[in-house]
Structure formats: structure tokens, C-alpha cells
Amino acid sequence: MRFYHKILLTILAFVPLSVSAEVLHYSSCTLKDGKTLADAQGWVEDWRPIAKSAGQDYKIRLLTGHAAPADGMLPNFAIEGRSSTLSSYAAAWEWWYSDAKAAKSNMQLQSVADCGTNSIYVTTE
């Protein structure tokens, strides 16, 4: 029996164990006067190929209130960003603030909405 325990422990020592720690980032935003959620979604659709061509492991989507208090409904919305690791999350934010195409995208977002309050979460599963 001890022999099998030793074999099992030896195998486990060489099996890579991965820990899932997806990073989720939420920004609260309010549409600017005359702008619609379609304008915000247009920014998302423009942003995605820029991030993909830069090789960023970062995805975004818009969240709108469905059954929420009045301050959680349009013209308010949230941007959810997600990345598979803390390292890829950090790399994506460095890219967002240093790349010329990303800066242009940031200006496009700022023309559509005012975004503020940010929250960052890491999954535990």
C-alpha cells in the first residue's frame, strides 16, 4: 500500500496544477446628452478588432439595468472587462494607456459616455 502512495505522490508532483483566477473589471458609465446605447455598442464593436490585432487577452461587453433601481437604468450602464489572468489584465491596461490606436478608442468612448467608479474582482473557482 505504501508503494502505491509513493507512486501517486510522485505522479502528482509532476502534474501541472492550474488555478483559475479570471479578472473582471467593471466601470460605471453614463451616456452623454444625445448619445444612445447604440453609440456605446458601436465603440465596443470598434474596440474589439483593435484589441485583437494587438494580441490582448481582454474582452469587453456592456451591461444595462434590467430590474434595477432607477440609478441603475439607462442612461447608466456598465462596461465589463475580463481577462484570464492578472498578468494579462495588467498588460491590457498598459496597452490601453500607451498604444496610439487604443488612445483613439479611448477618445471615442469619452465622446459617448462619462465613466468612473471602477471595481476589480478576481474569481475564486
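(A) Highlighting the pattern of salt bridges. Tallied over the full model, the rule gives 3 salt bridges. Ionic pairing is found between Lys 32 and Asp 114, a salt bridge with its closest N-O pair at 3.6 Å. You can see Lys 32 sitting in the loop between β1 (23–31) and α2 (37–53) and its partner Asp 114 sitting in strand β4 (residues 113–122), a full 82 residues away along the chain. By relative accessible area, Lys 32 is classed as partly exposed at 29%. Glu 45 is paired through a salt bridge with Arg 48; the nearest N and O atoms lie 3.2 Å apart. One end of the pair, Glu 45, and the other, Arg 48, are both in helix α2, 3 residues apart, so they sit about a helical turn from each other. On the basis of relative accessibility, which here comes to 34%, the residue Arg 48 falls in the partly exposed class.

Basis of the calculations
Residues numbered from 1 in each chain as written. Predicted model: local features only at pLDDT ≥ 70, side-chain atom pairs only at ≥ 80, totals over all residues. Heavy atoms only, no water. Salt bridge = Lys/Arg side-chain N within 4 Å of Asp/Glu carboxyl O. Helix = DSSP H or I, 4+ residues; strand = E, 2+ residues; numbered from the N terminus. Buried < 20%, exposed > 50% of the residue type's maximum accessible area, 1.4 Å probe, protein only.

Spatial relationships are all this shows, so hold off on functional conclusions.
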